[in-house]
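Here is what each chain is made of, one letter per residue.
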Amino acid sequence: MSVIDLSGLKGGLRELPPLSLYIHFPWCVRKCPYCDFNSHELKNSSGQTVQWNPQAGVASGGFDEMAYVQTLLRDLEYSLPAIWGRSVSTIFMGGGTPSLFSAQAMDTLLAGIRARLRLSPDAEITMEANPGTFEAEKFRGYREAGINRLSIGIQSFNPQHLQVLGRIHDGDEARRAIDIALSCFDNVNLDLMYALPGQSVEQALQDLDTALSYGITHLSAYHLTIEPNTLYAVRTPQNLPDDEISADMQEAIEARLAAAGFEHYETSAFARPGRRSRHNVNYWQFGDYLGIGAGAHGKISSHEGIVREMRHKQPAAYIQAVAAGQPVQSSRKVKRDELPFEFMMNLLRLTGGFETRLFTERTGLPVSCIRNELQQAIQQGLLEQDATTIRPTLQGQRFLNDLLTLFLGDGDQ
Amino acid sequence: MKHIRNFSIIAHIDHGKSTLADRFIQFCGGLELREMSAQVLDSMDIEKERGITIKAQTAALQYKARDGQVYNLNLIDTPGHVDFSYEVSRSLSACEGALLVVDASQGVEAQTVANCYTAIDLGVEVVPVLNKIDLPAAEPERVSQEIEDIIGIEAIDAVRASAKSGIGIQDILEVVVSKIPPPEGNPDGPLKALIIDSWFDNYVGVVMLVRVKDGQVRPKDKIKFMATGAEHLVEQVGVFSPKSVQRDVLNAGEVGFIIAGIKELKSAKVGDTITLMKTPATEALPGFKEVQSQVFAGLYPVESHDYEALRDALEKLQLNDASLKYEPEVSQALGFGFRCGFLGLLHLEIVQERLEREFDMDLITTAPTVVYELVLKDGSVIHVDNPSRLPDPGKVEEIREPIITAHILVPQDYVGAVITLCTLKRGVQRNMQYLGRQVMLTYDMPMNEVVMDFFDRLKSTSRGYASLDYEFKEFQCADLVKLDVLVNSEKVDALSLIVHRASSVYRGRELVSKMRELIPRQMFDIAVQAAIGGHIIARETVKALRKNVLAKCYGGDITRKKKLLEKQKAGKKRMKQVGNVEIPQEAFLAILQVGEK
């Protein structure tokens, strides 16, 4: 019996992309008014918000960290068949606030993961941390557990802006957190937000300069976006900078980061050479990721196509579902005609674009199926293409939404 | 025949015509109470919503009068808007009498006056009725006087009624019997039946509402249409009660329907005369006219692949609306669409609304225009209903625009404001007559000005009290120019207008400034210019957006972010791409908003 390669016919993939692991930690001390991630305030048994006390640690909180770690590992075990034999090149622990968990809990978790799947020896293992949760001892412990990259949600150093953003830390705490982080980690990202209520261009640059005064390797600068289903969507701040001012901010931030030796490699991400977030780059290169934890999303390719799955959002429901052996709440196969858009939505965020061959490699579709769209985008000056590469022009980066809608296909077809 | 009364009701919108008709039907037992939906005779949704009658309807009522005898009363409902004045005249000529219903608090309005004059001209007996007599603001004495002053009929003993509260209904029916003469006609003569209205029914084809003047018509009769020459075999005849009831015969003097297996509405034209093939009448009934479109506009699908769907929709609408005219048209900016002719602005709005509502069409309507008469240098005369088709000015000897005679009835307090408005619209006063507390203004005005926004502005300057009626007068030579609009230096043919030279600069400026407001900011600066000939007279810039990008997109965001972009795309889809600029639907009608403050 001869083996016939059917992958071309089924729209399947000839080779599998790199695989990452995302782990979600759903709890926060307080929900920020702009945040639309799956995060839940710490509550005690009587439903009251718990006052976070760094000294008291998580023991006083409303969740059992070791039980959650065990749940994560069980969740992982159910997913192993889908990623059998593949090695994991990056891990990202996001939230919520993963740094509410103790170093010991993280150590147990990472040891458990290593025992269950093949983790590349040089794997990038990132943890998100909030400045209000920093403590030198704990962070040394994280490093020893194997975490090798930190991403700190500073947002701003300006006390006034931190207050409007509902952050639990102040400017001093932010600085202290970075000091602690850099004393144990050599690969640190800071998240900053701009276009904050009442913020001037000068203030945005002040925040950036403070961030750059540290030896960080990566910086994410996000335009504050009012997302649906957030407190800000209901009570939108009145004094948001207008389009002109926020665009000025963006340009000034980009210029200053370039001068400081940071590469602008994705819409909002800047890195020193060689220090891009490998985990996020894998998302943007339409790589695979397994997502475990409450509300985590995953994207897994196989020779049959690409499946997206999602876990239960509510921590209690998630824990129960894992206990019942059904961690996945919903999963669906991405239809072939959705693939070009999904690919572009990720790849075109990268300022350097992508090697043309990657399109077929990741979607299983020939590039010819987006010929017209590419042509249109090039005509509109949003895209440029050479022998090997497709990349967004500067205009295409600024108007990425307009560029992407070209690949959305027609609703009625 | 002496127990038949054919009558219609003349009334202004909102003066209670439909409610009154419903009361008659109820009183005479035409429908069970449970069958009465509010305002039975207005059967189209749009008619009910807007409170206007578009198609003529009819009800045959059996009324036992106080003299003990039973009378057959045929109520023929008439359209109540200036756009439909021909239909009104056909309905009226099917009657021997008309009830003039006037709101006792508001008094006489221009529309009513015009219809009354039509009725009187046709020899129809006009019987005044004061409605809404129970309103606190009712002034029956004053309004009676006004009817006498303005219309010149005796109104001192007008019936006082309230259709809403059911007051005076029987009194009205009594005057119908006593004051309106029975029909005259020769029951044994050759058939002459007037088509009052016709419409398309999915099951039986075209249904014609007719008034038999002479002779009689039965199923299996072979009939002939005297204007179109078409021949058909009668399948059914009957009356509306207002439910349809089949009869064996329709006799002279009666109003009823004829069904004759006709597939196309255009072979049963309103106003035509039906006669029998074997004993044809020698002369048709007077008054037949081919309906002329007065207002033209381009209708284009937003999505070009909906062109076929739009054609199907127009075809279906035309089945029931023979006055709607359309023909294919190509615009450089908008692609394939249709040039449509309408009776007036209201008619346009109704068609547009029905296309959007009943056929789910997404439409771009270009600014309405009138027909211009052009004398070319070679002496030939052409008519142009689309500004973008105006020939090169070098070939044109002169342009003539249609002039209408407008009759405006307005309370004295607003006369000044209305005169100012008429002057602004290039009106020439022909007459001004004080009639009680109201003033009748007669103006000759360019129809183009009336089509634009005159009616709305007339209403707003007079707080809704002024009313308007108009008729076409003549084509008149005028100093007209074509105003072009350029978007990013490209001429958008669908936005061209014909305007008077004197107001062209003002119009151009206002238009581009309005368009700047209506066109959303896009990826690049958009220049909107107005030009006459090659000469730019106004320019505005829609400043470019600086960016349009989602700050974050990670593994869990795909579905949500995709939805967001789909929403953006849907927003764009409602706009028309002209060159590389997205122009929203309402920008094509920006000219209608010029001058609004």
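Residues numbered from 1 in each chain as written. Chains lettered and ligands numbered in written order. Predicted model: local features only at pLDDT ≥ 70, side-chain atom pairs only at ≥ 80, totals over all residues. Heavy atoms only, no water.

Trainee: So what exactly am I meant to see when it comes to the overall build of chain A here?
Mentor: A count of helical and extended segments in chain A gives 16 helices and 17 strands. Counting all 413 residues of chain A, 57% fall into the buried class. Nonlocal contacts in chain A, meaning residues at least 24 apart in sequence, comprise 70% of its contacts between residues at least 6 apart. If you sum the accessible surface of chain A, you get close to 17,400 Å²; carbon and sulfur atoms cover 49% of it. Across chain A, the 37 positively charged side chains and the 47 negatively charged ones have centroids separated by 6 Å. (Helix = DSSP H or I, 4+ residues; strand = E, 2+ residues; numbered from the N terminus. Buried < 20%, exposed > 50% of the residue type's maximum accessible area, 1.4 Å probe, protein only. Contact = heavy atoms within 4.5 Å. Areas by Shrake-Rupley, 256 points an atom, 1.4 Å probe, with all protein chains shown as cover. Lys, Arg positive; Asp, Glu negative; His and termini not counted. Charge placed at Lys NZ, Arg CZ, Asp CG, Glu CD.)

Trainee: How should I be thinking about the pairing of strand β13 (residues 244–247) of chain B in this particular structure?
Mentor: Every other side chain in a regular strand lies on the same face of the sheet, so the side chains alternate between the two faces. Residue and element names in this part refer to chain B. Bridge count between strand β12 (residues 236–240) and β13: four bridges; the pairing is antiparallel. Within β13, the residue paired with G238 across the bridge is Q246. Where β12 folds back onto β13 in an antiparallel hairpin, the turn is made up of three residues. (Pairing = 2+ DSSP bridges.)

Trainee: Is there a simple way to explain the interface of chain B and chain A in this structure?
Mentor: Many descriptions give the size of an interface as the accessible area lost when the pieces come together. Contacts between the two partners involve 27 residues from chain B and, on the opposite side, 43 residues from chain A. Interface area lost by chain B to chain A is led by M523(B), R546(B) and Y554(B), which between them contribute 23%. Between E244(A) and R521(B) there is a salt bridge, with the nearest N and O atoms lying 3.0 Å from each other. For the interface between chain B and chain A, the tally reads 23 residue pairs in polar contact (both at pLDDT 80 or more). Residues belonging to the side of chain B that touches chain A are distributed by class as follows: nine nonpolar, five polar and 13 charged. (Buried area = accessible area lost by both parts, 1.4 Å probe. Salt bridge = Lys/Arg side-chain N within 4 Å of Asp/Glu carboxyl O. Polar contact = N/O pair within 3.5 Å; in protein donor to acceptor, adjacent residues only side chain to side chain. Nonpolar A, V, L, I, M, F, W, Y, C, P; charged D, E, K, R; others polar.)

Trainee: When you look at the nonpolar core in this model, what are you seeing that I'm missing?
Mentor: Generally speaking, a soluble globular protein has its nonpolar side chains buried in company with each other. Core analysis: the largest hydrophobic core is formed by 73 residues, its most contacted members being I23(A), I91(A), M93(A), L109(A), I113(A) and F139(A). Contact partners of L109(A), with chain neighbours within four places excluded, come to I23(A), F25(A), V69(A), L72(A), L73(A) and M93(A). Ranked by size, the runner-up nonpolar core spans 56 residues in total, among them F359(A), L408(A), A551(B) and C553(B). (Core = buried A, V, L, I, M, F, W, Y, C linked by side-chain atoms within 4.5 Å.)

Trainee: How should unusual backbone geometry be read in this particular structure?
Mentor: Residues apart from glycine generally show negative phi values, whereas peptide bonds are mostly found in trans. Residue and element names in this part refer to chain A. Cis geometry is found at the peptide bond from G95 to G96, where omega equals 20°. Structurally, G96 can be placed in the loop between β4 (87–95) and α3 (103–116). The backbone phi angle of A195 is positive, close to 60°, even though this residue is not glycine. Topologically, A195 is positioned in the loop between β7 (188–194) and α7 (201–212). The residue N229 is not glycine, and still its phi comes out positive at about 60°. Given a relative accessible area of 79%, N229 falls into the exposed group.

Trainee: Where do I start with the domain arrangement of chain A in this structure?
Mentor: You can read the domains of chain A as domain 1 (19–282) and domain 2 (353–412). In this structure, domain 1 of chain A and domain 2 of chain A have C-alpha centres spaced 31 Å apart. (Domains from an automatic or database assignment.)

Trainee: Looking at this model, I keep getting lost on the sheet that holds strand β20 (residues 363–365) of chain B. Mind explaining?
Mentor: All names here are of chain B. Sheet architecture is open: four strands sit in the order β18-β19-β17-β20, paired in antiparallel fashion. Looking along the sheet, the strands with just one partner apiece sit at the ends: β18 (325–331) and β20. Direction aside, the axes of adjacent strands within the sheet are offset by 30° on average. In the sheet, β18 pairs with strand β19 (residues 335–342) via seven bridges, with the strands oriented antiparallel. Note that in β19 the partner of E327 across the bridge is R339. Relative to the sheet, helix α7 (residues 307–320) contacts β17 (295–301), β18, β19 and β20, its axis offset from that of β19 by approximately 15°. Contacting β17, β19 and β20, helix α8 (residues 345–358) crosses the sheet at an angle of about 165° to β20. (Axes fitted to C-alpha atoms, helices over the stretch in contact; angles between N-to-C directions.)

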